[in-house]
Amino acid sequence: MQYLADRAVNKGRQPEIDCLKAFCIFFMIFLHAFEELAEEANAVYHFITIVECLTGAGAFMLCMGIGTRYSRKQAPMDYLRRGFELLTVGQALNLARDAVPNLIAWWFNGDQQFIAGALLVVQTDIMTFAGIAFMLLALFKWLKLSDGAMVLIGFGMNAFAFVLSHFFRTTGSYLADQLLGYFVVTDAEAYFPLCCYFVFVAIGYALGGIYPRIRDKDALANRVLLICGPIAAGYYLLRALVPIPLLPEFDSTEMYIMKPLTDALANGLMSLALLALFHKLLRGKDAPGLVNHLSRHINQYYCLSYVLFTPVCTLLTATRGELLPGTLMPLLYGLAVLVICFLYINWVDRRKLPHSITEFKEPWRAAVFAVAWIATIAIFAYAYPKVTEYATIWNDYLGA
C-alpha cells in the first residue's frame, strides 16, 4: 500500500491515540457522574450517552489493542501476566466501589438492595473484560494466529453472542449466569462480555501491527476521514431514526452491551475517523500535556473516579433516599472528580509512589493480590445466601 512502508518508521507515542483516549476519559467521567448520582435523566445526560454510544468502551478497547503492539513485552506469558494483573485490579475496584460500601449500608439499615449490591463484587466490569481479553490474546499469540484471523474470530464471537442472546439469557441460577456473563450476555451483571467486545481489541491489535509502518499519516488521515467518517455518521443517523429489525434500540442498554455486528463495525469506523481527525487537528505537533497525562493514566482515572462516584451514590441512597437533583449538581460533581483525580495522580507522580496495586513491590504485591481475591470469595459467600433479588443493569440495580 502507498501509505505503508516495509518496516517500522512511525515509532514512539502516537498523539492522536492519546487524544482519543483523553476524549473518551473526559466523557466517561461525566457519564458516570450522571449514571451514578443524577436523580433523573436529562438532555445533558442523553447527549453524553450518545457520544459514548459512538465511541465509549469500544474506542478504549481499540486503543488498548493498538497499545499492546507498542509494548516491549510481547510474549504470550507477558500477555497472560498482564491479564491476571488487570483481573486483580478489577476485583480490587469491585471491592472498593461496590462490595464494601454496600455491605456497610446494609449493616446500617438492612435494605435488601444493598446486600444485593454487594454481590456486584463478581460483576463483568471493563477491567475484568480487559484482563480476560489479554489472556485470550496470549492464547492466540501462542497459537501464532495472524492478525486477520484474530479479527475474524472477534467478529465471529460478536455474532455468536448476539444470536445466542435471542435464544438464551439465563440458566435459572444467578451464579451460573454470572460466570457465563464474563463471556456472553446473560440476565446477570454482564456489562462487558468477552464475546461482544473482544472484536475491538482484535481490530486494535491488527491496527497496531500496521501503525508503525504508516509513512504518510496526512494522506492516510484524509482518506480515512473521507471514507470512515461519512459511513459511520450515516450509519448512526440511520440507526437513530429507523428501527432495524433484530438490532437493539439505538442508544439502549442492549445496544451498548451487545455492540452487535454492524454496530461494532460502525463503532470501529467512528474511532478510526476520530483518530484521523485528531491527527489533522494536531498538524504534526505533539498532543497537549493534559492530553498526554489523561492518556498515560487511563486506568487510574477509571478506577479512582468510580470510587468517588459509586460509594457516594450508595451513601446518598442509604441516608437520603434520593440522589442529586437537576443538571448542575451532577455536572459540578463530575468536574470536581476530574480535578481531584488530576491532583491526586500528579501528587503520586511527583512522589514516585505506585499508582496501582500492580506496581507494589514484593512481598506487598503478592499480599494485596491475595487479599483482593480472598475478600472477593468471602464477601460473595457471605452475601449470596442473603440475597433474594439480584441487582443488575437489567433491573436498574433494584432502583438504586
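Bear in mind that the values here come from a model prediction, so they are computed numbers and not experimental data.

Cis peptide bonds are those with omega within 30 degrees of zero, and the linkage from Glu362 to Pro363 qualifies with 5°. The residue Pro363 is located in the loop between α15 (328–351) and α16 (364–383) in this model. The backbone phi angle of Lys144 is positive, close to 60°, even though this residue is not glycine. Looking at the secondary structure, you find Lys144 in the loop between α6 (126–142) and α7 (147–165). Classification of Lys144 by relative accessible area gives exposed; the value is 71%. With a phi angle near 60°, Asp251 is a residue other than glycine that sits in the positive phi range. Along the polypeptide, Asp251 turns up in the loop between α10 (217–241) and α11 (253–258).

Another aspect to go through is the pattern of salt bridges. Within this structure, the stated rule accounts for 12 salt bridges. Put simply, Arg169 and Asp187 hold a salt bridge, and the shortest N to O gap is 3.8 Å. With Arg169 in the loop between α7 and α8 (174–180) and Asp187 in the loop between α8 and α9 (194–210), this pair connects stretches of sequence that are 18 residues apart. Exposure remark for Arg169: the relative accessible area of 23% places this residue in the partly exposed category. Among the residues examined, Asp187 registers a relative accessible area of 36% and is labelled partly exposed. Residues joined in a network through salt bridges with shared partners are Arg82, Glu85, Glu362 and Arg365.

Below, the discussion takes up the side chain of Arg239. Inspection of the secondary structure assignment puts Arg239 in helix α10. Residue classification places Arg239 among the buried positions, given a relative accessible area of 3%. A polar atom in the side chain of Arg239 sits 2.6 Å from the backbone oxygen of Pro248. Dropping the residues within four chain positions of it, Arg239 is found in contact with Ile244, Leu247, Pro248, Glu249, Phe250, Met255 and Asp263.

By secondary structure assignment, the location of Thr376 is in helix α16. Exposure remark for Thr376: the relative accessible area of 6% places this residue in the buried category. Spatially, the C-alpha atom of Thr376 lies 19 Å from that of Gln113, the residues being 263 residues apart in sequence. Excluding its chain neighbours within four sequence positions, the residues that come into contact with Thr376 are Gln91, Leu95, Val121 and Val122.

Glancing now at the packing of aromatic side chains. One pair of aromatic rings is described through two measures. These are the centre distance and the angle between the planes. One pass over the structure, following the stated rule, counts 27 aromatic pairs. A network of ring pairs unites the aromatic residues Phe23, Phe26, Phe27, Phe30, Phe47 and Phe278 as a single cluster. Stacked on the ring of Tyr205, the Lys or Arg Arg69 has its end atom at 4.1 Å from the ring centre. The residue whose ring lies beneath Arg97 is Tyr306, and the NZ or CZ to ring-centre distance is 4.4 Å.

Over its 19 residues, α7 runs 27 Å from end to end, which matches the ideal 27 Å to within 8%, given 1.5 Å per residue. Restricting attention to buried positions, one finds in α7 the residues Met150, Val151, Gly154, Met157, Asn158, Ala161, Phe162 and Ser165. One side of α7 holds all its buried residues, which, seen down the axis, span an arc of 130°. The secondary structure elements touched by the buried residues of α7 are α6, α9, α11 and α12 (262–282).

How each quantity is defined
Residues numbered from 1 in each chain as written. Predicted model: local features only at pLDDT ≥ 70, side-chain atom pairs only at ≥ 80, totals over all residues. Heavy atoms only, no water. Helix = DSSP H or I, 4+ residues; strand = E, 2+ residues; numbered from the N terminus. Buried < 20%, exposed > 50% of the residue type's maximum accessible area, 1.4 Å probe, protein only. Salt bridge = Lys/Arg side-chain N within 4 Å of Asp/Glu carboxyl O. Polar contact = N/O pair within 3.5 Å; in protein donor to acceptor, adjacent residues only side chain to side chain. Contact = heavy atoms within 4.5 Å. Phe/Tyr/Trp six-rings, centres within 6.5 Å; stacked < 30°, edge-to-face > 60°. Lys NZ or Arg CZ within 6 Å of the ring centre and 35° of its normal. Expected span 1.5 Å × (residues − 1). Arc of directions from axis to C-beta.

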